[in-house]
Amino acid sequence: MSLDKHAFTDGQTQILVIDDDRKLCGLIRDYLEPLGYTVAMEHNGPEGAARAMAEPWHAVILDLMLPGCDGYEVLRRVRAKSAVPILMLTARGDEADRIVGLESGADDYLPKTFSARELLARLRAVTRRATLSQASADAVPPMKELVVGPVRLNLDARVATLSEQTLSLTPVEFDILAALMKSRGRVRSREALIESLRDREYEVYDRSIDVHIAALRRKLRDDAHEPRFIRTVRSAGYMFIHPVG
């Protein structure tokens, strides 16, 4: 696999790779470090999860199959504490693996047959989102908020709360919730929601939108059958409604 040495100008971006394949970890490090990335490595689930939560990272590259505990468990542990962008590696790239990974909080996935350029493109997408989020949090212009009932989104700091309790949302979940709340009372199609994520520069497909909506409903303690917040409109899409009660 060949690399474009001019593909990145991001400076020292801190990446954690959690994978028991030491050769692959070394290859990823060799790909990224000449481009200005700093790459650290862990080779089992528990130690990888602990380090992901203990130190600040721009992104985590996480294998699905790990000794100690699998990638899904690592995702659950990290997502309980952190919204760091996570790129999941899957050996097969099956749809079931991708869906479970997205449901557990991954921002993107990559089959282990990836090319160097694909890894770089997807990593750039998730790290750029993290960089923009941090820049917004550090800025001092007037706050911009979306408020519908007990749900409040601070668009500058990218913080979501439900009844004053902070919600742990992935960047994709935050953007989908913002798109729905901005259009509250109106249906947003899956295609429109995908379009709202277009600057992420990686594959977003209809089924992944459904997965992210399901995750949002869990975090909002919403019921798809008797929704307070997100209503499914058959054959049309989703709508954020004004909560009752």
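Residues numbered from 1 in each chain as written. Predicted model: local features only at pLDDT ≥ 70, side-chain atom pairs only at ≥ 80, totals over all residues. Heavy atoms only, no water.

Under an unreviewed UniProt entry, the name given to the protein is Two-component system response regulator CpxR, and the source organism is Prosthecobacter fusiformis.

## Some details on the packing of aromatic side chains
Under the defined criterion, the tally for this structure stands at one aromatic pair. It is R122 that lies over the ring of Y109; its NZ or CZ is 5.7 Å from the centre. (Phe/Tyr/Trp six-rings, centres within 6.5 Å; stacked < 30°, edge-to-face > 60°. Lys NZ or Arg CZ within 6 Å of the ring centre and 35° of its normal.)

## With respect to the pattern of salt bridges
Tallied over the entire structure, the rule returns 14 salt bridges. The residue K112 makes a salt bridge to D63 at a minimum N-O spacing of 3.3 Å. On the criterion of sequence distance, the pair formed by K112 in the loop between β5 (108-111) and α5 (116-138) and D63 in strand β3 (residues 59-63) is long-range, its members being 49 residues apart. Judged by relative accessible area, K112 falls into the partly exposed class, the value being 26%. (Salt bridge = Lys/Arg side-chain N within 4 Å of Asp/Glu carboxyl O. Helix = DSSP H or I, 4+ residues; strand = E, 2+ residues; numbered from the N terminus. Buried < 20%, exposed > 50% of the residue type's maximum accessible area, 1.4 Å probe, protein only.)

## A few points about helix α6 (residues 171-182)
The first and last C-alpha atoms of α6 sit 16 Å apart over 12 residues, in line with the 16 Å expected at 1.5 Å per residue. Counting buried positions along α6 yields 11 of 12 residues, so the element is predominantly enclosed. For α6, the set of buried residues is P171, V172, E173, F174, D175, I176, L177, A178, A179, L180 and M181. (Expected span 1.5 Å × (residues − 1).)

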